[in-house]
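Spelled out, the chains give:
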Amino acid sequence: MNASTKPATAHTARRNREALDSLPPDAERDFEEARRGLVAAFEPPLVEGEGRHPTWDLRPYRFLDGEPPETAHPGLWRLGQLNRIAGLFELAPGLYQLRGFDISNMHVIEGQRGIVVVDPLISAECAAAALALYREHRGGRPVTGLIYTHSHVDHFGGARGVIAPEEAEERGVPILAPGGFLHHAVSENVFAGIAMGRRAGYMFGARLRRGPDGQLGAGLGQTNSVGTISLLPPTREIEATGQEEEIDGVRFAFQLTPGTEAPAEMNFHLPELEALCIADNAVRSMHNVLTPRGALVRDPRLWAHHLDEAIELFGDRSEVLFAGHNWPCWGRERIAEMLEKQRDLYAYLHDQTLRLLNEGQTGSEIAEQIELPPSLAREWHCREYYGSVSHNVKAIYQRYMGWFDGNPAHLWEHPPVERARRYVECMGGAEAVLERARESFEAGDYRWVAEAVNHVVFAEPGNREARELQADALEQLGYGAENASWRNFFLMGARELREGVGGAPTASAPRDVVANLSVAQLLDAMAIRLDGPRAWEAELRIDWVVTEPDETHAITVRNGVLRHRPGRHERAGATLVVERGALDELLLKTAEFAELAEGGRLRVEGDGAKLGELLGLLDEPDPGFAIVTPK
Ligand SMILES: [Zn+2]
């Protein structure tokens, strides 16, 4: 046991023992499917990195070989055992899965001359390691095509590890993606990226020790890799369901599924192999309608619709089903049953939330009472390892109704610190709250302890006893969670209450992502960094003349708002003339303004002070902001 963590209490231990009895039957079938077709294990499951930490390392998860301990939910423990089965797997003749090289899967389809690679993981280093294992066993075939199933980074970030952009261009290697891919791939993190990044650190337990009392998985896989993120833009977009393409002699039939798990996503079918790629639309867990790291709410109704369409289009012609995460499954009946249940999982959550919402119930009330039908609840792949009934129901409420539950008492609540001060005072002061909370802790009501003591922590951030009790409560909640994201959130909260924030993430975007942002997207991102109050009185008219490629933008700051339009002002206060590449370097902070000016890649015309004023109005957010303590 780590010095800073505590054992499970008797309540938590009992709950985890009881959970064992409530798990679905057929626990072995998943293991058979996860091992089926193994060509070569990934051993040791390690991708070295440049820094102190490896880019990817499954070795610390060997502890999962044992029986579930008191500090872990047995369902989540079992999922970790499945997710760490790593290697090269043959799914069908000429179709290979590379699993356990990152949180996501990479697939290789053999063509006439080479291979089509599907979804090259997060990091170039991991994708290269996966491809190397494939080539070791199947020979050094060249890459003749690349497919991204959707716009999430765990499905495109490792592209450069599979093929160099120069080579792809020279050989005219087609890169396929669903319509709208590039826009969404780069914009996903433009607006709220810093906050999402910080919260993702909680969700994936980035800084937790791997172990029975720490991080033991992330639901979709074990964790995220931390290597070089890249992006090779697609050369061909899939625009319609039913569109067929031939790459290197292999036939593909596509189904667009926008608005499901990602804004730009697609499934595809390989008719010759009777194989169906379902992207991230059906994984071995309930997925997120709203990821707890933060995102726009997804549409579970559309999600269910697209899964139904997939069954209709490909269901009776599919002998193997594979996805962006977890392991595949085989057999027409098994595939049909799995897809039907995944479809109905999202449909049920959607429809029942709406039914109860129309009865006047609020998100947190609905979340507490919705239970899945037994036919779904007893399926391992419908369990709450990544999404949960609780947070998905609240997300559906949010999608339709927003944050407000209609009760005017909640329309104008005090913010956390003000509320906390008043609560603590009302409840007789910090001492009294802690005393009562300790009783609740002894009784095993950790949910209540977390709520009550959070008020003390926010009213008196220096109160050590409060922080410790709060950490203890969050920790027990983490130990008892079947949902990987919940466990990681709870345990990260406990850790930061005990040890402080430390090791905050960096906020820099990957080079390839910045390079593929449009200038308009860069300016949108700049607008949200404008410090409103400091800009109240500012009146600025500045032109940006971007070269290579050429475009012009007229920027105005007025009323505390930065606006931009294509074109130029009639009388700009200043004009920045800048090469597109130099602009990227400024944003990536790999070059200074002065240095680029000296190199002739940037110059200011007119009143340079105006441009300085604009840059001076931009805010520099803290990527390591406080979460479990007041800001
Ligand atoms: Zn994914």
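What you are looking at is a predicted structure, and each value in this text was computed from that prediction instead of being measured. Starting from 1, residues in each chain are numbered consecutively following that chain's sequence as written. Note on the predicted model: pLDDT of at least 70 is required for a residue's local features to be given, and 80 or more for side-chain atom pairs to be given and counted; whole-chain, interface and lining totals, by contrast, use all residues. Working from all heavy atoms in the structure, the side-chain values ignore hydrogens and water.

Trainee: Could you give an account of the coordination of the zinc ion, with specific residues and numbers?
Mentor: Water is not part of the atom set, so a site may look incomplete; the donors themselves are N, O and S atoms within 2.8 Å of the metal, or 3.2 Å for Na, K and Ca. Ligation of the zinc ion by protein atoms is provided by D154 (OD), H155 (NE2), D280 (OD) and H325 (NE2), these donors lying 2.1 to 2.2 Å from the ion. Metal sites are grouped by the angles between bound donors: all angles between 85 and 135 degrees with four donors is tetrahedral, opposite donors over 155 degrees apart with the others between 65 and 115 is square planar for four donors and octahedral for six, and any other pattern is irregular. Taken together, the four donor atoms coordinating the zinc ion span angles of 89 to 175 degrees at the metal, a pattern that classifies the geometry as irregular. Going along the chain, you hit the donors of the zinc ion in the pattern D-H-x124-D-x44-H. One end of the pair, D154, is in the loop between β8 (143-147) and α5 (159-162); the other, D280, is in the loop between β14 (275-277) and α9 (300-314), with 126 residues separating them in the sequence. When sorted by exposure, D154 lands in the same class as D280, which is buried. Runs of E in the DSSP output that reach at least two residues are strands. Runs of H or I that reach at least four are helices, and both are numbered from the N terminus. Three exposure classes are used, based on accessible area relative to the maximum for each residue type with a 1.4 Å probe and protein chains only: buried under 20%, partly exposed in between, and exposed over 50%.

Trainee: Give a detailed account of empty space enclosed by the protein, specifying residues and quantitative values.
Mentor: Detection works on a 1 Å grid of protein atoms alone, calling trapped sets that fit a 1.4 Å probe cavities and calling open sets with protein on both sides within 12 Å along at least five of seven lines pockets, with lining residues defined by an atom within 4 Å of a point. Grid points are joined across faces, edges and corners, and a volume is the space filled by probe spheres set on the points. Tallied over the full model, the rule gives two cavities of 30 Å³ or more. Quantified by volume, the largest cavity comes out at close to 80 Å³. If you trace the largest cavity, you find 13 residues lining it, with N83, G100, D102, I103 and G221 closest to the centre. Residues are grouped as follows: nonpolar covers Ala, Val, Leu, Ile, Met, Phe, Trp, Tyr, Cys and Pro; charged covers Asp, Glu, Lys and Arg; every other residue, Gly included, is treated as polar. For the lining of the largest cavity, the per-class residue count stands at four nonpolar, seven polar and two charged. Taken as a whole, the second largest cavity spans an internal volume of roughly 60 Å³. For the lining of the second largest cavity, the per-class residue count stands at ten nonpolar, one polar and one charged.

Trainee: A description of the packing of aromatic side chains should follow, citing residues and the corresponding values.
Mentor: The rule is short: rings of Phe, Tyr and Trp, with Trp giving its six-membered ring, pair when the centres are within 6.5 Å, and they are stacked under 30 degrees, edge-to-face over 60, tilted in between. On inspection of all chains with the given rule, the structure shows 16 aromatic pairs. Ring geometry for Y202 and F489: centres 5.6 Å apart, planes at 50 degrees, overall tilted. A residue pair is termed long-range when its members are at least 10 positions apart, and Y202 in helix α8 (residues 193-203) and F489 in helix α18 (residues 484-499) qualify at 287 residues. Overall, Y202 belongs to the buried group, its relative accessible area being 2%. For the ring pair W403 and F404, a centre distance of 5.5 Å and an interplane angle of 45 degrees mean the geometry is tilted. Take W403: its relative accessible area is 66%, and that puts it in the exposed class. Feature note: the residues F252, F254, F268 and F322 constitute an aromatic cluster, connected by ring pairs. Sitting over a ring, as applied to charges here, requires NZ of Lys or CZ of Arg to be within 6 Å of the ring centre and within 35 degrees of the ring normal. One cation-aromatic arrangement involves R78 over W380; the distance from NZ or CZ to the ring centre is 3.4 Å. Here R198 stacks its cationic end above the ring of F625, 5.9 Å away from the centre of that ring.

Trainee: So what about the packing of helix α2 (residues 27-35) against helix α3 (residues 74-83)? Which residues, and what values?
Mentor: To get an axis, fit a line to the C-alpha atoms, keeping to the stretch in contact for a helix; angles then go from 0 to 180 degrees between the N-to-C directions. Interhelical geometry of α2 versus α3 gives an angle of 20 degrees and a closest axis separation of 10 Å. Judged by the inter-axis angle, α2 sits roughly parallel to α3. The handedness of the crossing between α2 and α3 comes out as right-handed. From α2, A27, D30, F31 and A34 reach across to α3, where they touch R78, Q81 and L82. Looking at the contact of α2 with α3 residue by residue, the class counts come to four nonpolar, one polar and two charged. Throughout this description, any angle smaller than 35 degrees is read as roughly parallel, any larger than 145 degrees as roughly antiparallel, any in the 65 to 115 degree range as roughly perpendicular, and the remainder as oblique. Crossings are sorted by hand: turned counterclockwise from the far helix by less than a right angle, the near helix makes the crossing left-handed, and turned clockwise it makes it right-handed. Should any heavy atoms of two residues lie within 4.5 Å, those residues are counted as being in contact.

Trainee: Report on the sheet that holds strand β19 (residues 561-566), specifying residues and quantitative values.
Mentor: Spatial ordering of the open sheet is given by β19-β18-β17-β20-β21, a layout of five strands whose pairing is mixed. A strand with exactly one partner marks an edge of an open sheet, and here the two such strands are β19 and β21 (602-606). For this sheet, the mean inter-axis angle between neighbouring strands, taken without regard to orientation, is 20 degrees. Along the sheet face, helix α21 (residues 580-588) touches β17 (540-547), β20 (574-579) and β21 and points at about 100 degrees away from the line of β20. If DSSP finds at least two bridges between two strands, the strands pair.

Trainee: How would you summarise unusual backbone geometry if you had to cite specific residues and measurements?
Mentor: Of note, the bond from E43 into P44 is cis; its omega dihedral lies within 30 degrees of zero at -10 degrees. Along the chain, the position of P44 falls in the loop between β1 (38-41) and β2 (46-47). Here the bond from E548 into P549 is cis, since omega is -5 degrees, no more than 30 degrees from zero. With respect to the helices and strands, P549 occurs in the loop between β17 and β18 (551-558). The backbone phi angle of L121 is positive, close to 60 degrees, even though this residue is not glycine. Residue placement: L121 occurs in the loop between β7 (115-118) and α4 (124-138). Take L121: its relative accessible area is 0%, and that puts it in the buried class. With a phi angle near 55 degrees, N559 is a residue other than glycine that sits in the positive phi range.

Trainee: Hey, could you go over the packing of helix α15 (residues 430-442) against helix α16 (residues 446-459) for me, with residue numbers and the actual values?
Mentor: One can describe the packing of α15 onto α16 by two numbers: an axis separation of 9 Å at closest approach and a directional angle of 165 degrees. With respect to each other, α15 and α16 are oriented roughly antiparallel. For the element pair α15 and α16, the recorded crossing hand is left-handed. Counted together, A430, V433, L434, A437, S440 and F441 of α15 and Y446, W448, V449, A452, V453 and V456 of α16 form the full contact between these two elements. Tallied by class, the residues present in the contact of α15 with α16 amount to eleven nonpolar, one polar and no charged.

Trainee: Help me get a handle on the sheet that holds strand β15 (residues 320-322), residues and values and all.
Mentor: Taken together, the six strands give an open sheet; going across it, the order is β11-β12-β13-β14-β15-β16, and neighbouring strands pair in mixed fashion. Lying at the two open borders of the sheet, with one neighbouring strand each, are β11 (244-247) and β16 (329-330). Of the pairings in the sheet, the one linking strand β12 (residues 250-256) to strand β13 (residues 266-270) comprises four bridges and is antiparallel in character. Along β13, the bridge assignment pairs A253 with H269.

Trainee: With reference to specific residues and values, describe the side chain of E482.
Mentor: Turning to its location among the elements, E482 is positioned in the loop between α17 (464-480) and α18. Under the relative-accessibility criterion, E482 is labelled buried at 12%. Under the rule applied, a polar contact is a pair of N or O atoms within 3.5 Å (in protein, one hydrogen donor and one hydrogen acceptor; residues adjacent in sequence only if both atoms are side-chain atoms). At 2.7 Å, the side chain of E482 and the side chain of R383 are in polar contact. Separated by 3.0 Å, the side chains of E482 and Y385 make a polar contact. The contact partners of E482, leaving out residues within four places of it in the chain, are L23, H73, G75, L76, R383, E384 and Y385.

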